[in-house]
Amino acid sequence: MTVQPSTANPTGQTGPLPWEDARAVAYAAGVDAAAPPVEVPLADADGATLAYPLLTRTDLPAFPTSSVDGFAVRGPGPWRVIGRVLAGTLARPLAEDGVCVEIATGAAVPPDTTAIVRTEDSTREQDGRVSGTPRSTPEWREPGEEARLGEELLPAGTAVNPAVIGLAASCGYDTLGVRAAPTTAVLVFGDELLTSGLPGDGRVRDSLGPSVPAWLRRLGAAAGPVLGPVEDTLEAHVEALNRALAGGAELICTTGGTMSGPVDHLHPALAQLGAAYLVNTVEVRPGFPMLLASVPRPGGGTTLVAGLPGNPQSAVVALVSLVAPAVAGLSGRPMPALPTIRLSAPVGARGGFTHLALVDSDGVAVSHAASSMLRGMARAVGFAVIPPNSDAVAGDEVALVPLPLLAGERP
Ligand SMILES: Nc1nc2c(c(=O)[nH]1)N[C@H]1C(S)=C(S)[C@@H](COP(=O)(O)OP(=O)(O)OC[C@H]3O[C@@H](n4cnc5c(N)ncnc54)[C@H](O)[C@@H]3O)O[C@H]1N2
Ligand code: MOO
């Protein structure tokens, strides 16, 4: 890791990091702070991450397996039926030519079988013997056809989804060594925030407390408690951070208070807790005041604190810019790769800053996308990455930071 954090000390402000460097620092911080792997029952591994490569523990299939219902025969027909082998049982070898056993799909093929004749391709002779013609391709699966003993099926860092759970079960795993989804807490700062009712009279609804945990889940973290709105005093900020630390959260997301206004207490609170900055502002618009710090956790370990700016869209920019890579690192997953999108309308640069511009699926910047607004985001697929000092024009293919939406949620 060649990228250096912005500063090692919350009291010593240094300059903002370029956006790509900030992502890299956040990922490396997650890797460094990752909890050790745990062994969990297979069915509980959904959403976790493989801590080790998934290796086969037998040949797959583990025994020659009939792929049809029919008759396992030996030699030329017709064949005398000497028994039946069902899935889950073992059959004795076929001792001589001219004999067969009835066989079910999934049953172990008896040793010395020369062919399997499907039920629908077979007839019964008057004397009870079976005749028929086997098809030209074998009707059973050979051991190792799917995978050989000891073969690597998936690398460490793979997200455990239902397909992975099913595959591990078919390999004979009872438990999996995984990195669990990182635990989180959300602290909402701001005396102006309402948690119910209509905005007005100088008060706005807290739009981040209810939505940040849902974003965190979609980024692969385990959503924890939401504390707040926390009173706009330094003591209340320190107390709330201490509470989240004591709760064991591996990642704390705070919202608001990242600037230096009269009631912006995040920086002094971090200083009081002995935090070390990893990222302290980023050359990106919106979202410039975002930060990432590490704080020692009582009882051991390191908690990462992501300071999301208070403007609601800027908070989401910080989630996809810093929190997504940090969660990937904490989980043992690779750095999230960025797909690209072809713009079908121009998007202006934001001076020397990287511009993360909300775009729809056609590659058009959405309207109502000021940093204080969420209306545009609800119609967007993600943020087009417009590099510093270079306007993008229609037809340009640019990196896209997708909003972490589930299948079916993409507008
Ligand atoms: N003098 C300067 N002032 C500001 C600058 C600057 O460069 N110089 N940058 C602006 C930018 S950019 C942002 S982003 C904000 C970030 O400020 P804070 O993180 O300190 O956020 P607050 O001041 O607490 O709130 C800003 C804004 O967002 C609203 N807010 C806060 N929390 C929530 C919430 N949970 N739900 C809905 N809305 C929320 C808050 O009411 C304010 O309107 O600073 C600029 N200022
Ligand atoms: O960076 Mo601010 O987040 O432009 O609103």
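Refer to the structure above for everything that follows.
What comes next is a walk through the structure. (Residues numbered from 1 in each chain as written. Chains lettered and ligands numbered in written order. Predicted model: local features only at pLDDT ≥ 70, side-chain atom pairs only at ≥ 80, totals over all residues. Heavy atoms only, no water.)

Now for the overall build of the chain. A tally of helices and strands in the chain yields six helices and 27 strands. In terms of overall size, the chain is more extended than a compact globule, its C-alpha atoms giving a radius of gyration of 30 Å where 411 residues would be expected to give roughly 22 Å. A principal-axis box enclosing the C-alpha atoms of the chain has dimensions of 100 × 55 × 50 Å. Taking as baseline every contact in the chain between residues at least 6 positions apart, the subset at least 24 positions apart corresponds to 69%. Of the roughly 18,700 Å² of accessible surface on the chain, 54% is carried by carbon and sulfur atoms. In the chain, the 26 positive side-chain charges and the 40 negative ones have mean positions that sit 5 Å from each other. (Helix = DSSP H or I, 4+ residues; strand = E, 2+ residues; numbered from the N terminus. Rg over C-alpha atoms; globule rule 2.2 N^0.38 Å. Contact = heavy atoms within 4.5 Å. Areas by Shrake-Rupley, 256 points an atom, 1.4 Å probe, with all protein chains shown as cover. Lys, Arg positive; Asp, Glu negative; His and termini not counted. Charge placed at Lys NZ, Arg CZ, Asp CG, Glu CD.)

With respect to spatial proximity, the complete set of residues near ligand 2 consists of R285, P286, G287, F288, P289, N311, S314 and S371. Contacts to ligand 2 include G287, whose backbone N or O atom sits 2.5 Å from an oxygen atom. Between S371 and ligand 2, the recorded distance is 2.7 Å, taken from a side-chain N or O atom to an oxygen atom. (Near = heavy atom within 4 Å. Polar contact = N/O pair within 3.5 Å; in protein donor to acceptor, adjacent residues only side chain to side chain.)

Read across the sheet, six strands follow the order β1-β21-β25-β26-β27-β24 without closing on themselves; strand pairing throughout is mixed. Unpaired on one side and paired on the other, β1 (17-18) and β24 (340-342) mark the two borders of the sheet. Taken together, the two bridges between strand β21 (residues 282-285) and strand β25 (residues 354-359) define a ladder with parallel strand orientation. Within β25, the residue paired with R285 across the bridge is H355. (Pairing = 2+ DSSP bridges.)

In this description, an aromatic ring pair is defined by two values, namely the gap between the centres and the angle between the planes. The final tally for this structure, using the stated rule, is one aromatic pair. Directly above the ring of Y173 sits R57, whose terminal nitrogen or CZ lies 4.9 Å from the centroid. The ring of F353 is capped by R285, whose NZ or CZ atom sits 4.6 Å from the centre of that ring. (Phe/Tyr/Trp six-rings, centres within 6.5 Å; stacked < 30°, edge-to-face > 60°. Lys NZ or Arg CZ within 6 Å of the ring centre and 35° of its normal.)

Relative to the helices and strands, S314 is located in helix α6 (residues 312-331). Here S314 is in contact with P286, G287, P309 and S371, once residues within four sequence places are set aside.

Turning our eyes to something else, we now look at the site of ligand 1. Taken together, 20 residues sit near ligand 1, with E192, D206, T258, M259 and G310 positioned nearest. In this structure, E192 approaches ligand 1 through a side-chain N or O atom, which is 2.7 Å from an oxygen atom. The contact in question runs from an oxygen atom of ligand 1 to an N or O atom on the backbone of G310, over 2.9 Å. Starting from 860 Å² of accessible surface for ligand 1 in isolation, the protein chains cover 66%. Elements with a minimum of two residues in the shell around ligand 1: β17 (204-205) and α6.

The next subject is the layout of surface pockets. In this structure, the largest pocket spans a volume of roughly 440 Å³. Around the largest pocket sit 20 residues that line it, and R218, L219, A324, P336 and P404 are the ones nearest its centre. Among the elements that make up the lining of the largest pocket, the one with the highest residue count is α6 (five residues). Partitioned by chemical class, the residues of the lining of the largest pocket number 16 nonpolar, one polar and three charged. Counting contributing residues per domain, the lining of the largest pocket is built from domain 1 (17-35 + 181-331) and domain 4 (340-409), each supplying no fewer than three. (1 Å grid on protein atoms, 1.4 Å probe; cavity = no way out; pocket = protein on both sides within 12 Å on 5 of 7 lines; lining within 4 Å. Points joined across faces, edges and corners; volume = space filled by probe spheres on them. Nonpolar A, V, L, I, M, F, W, Y, C, P; charged D, E, K, R; others polar. Domains from an automatic or database assignment.)

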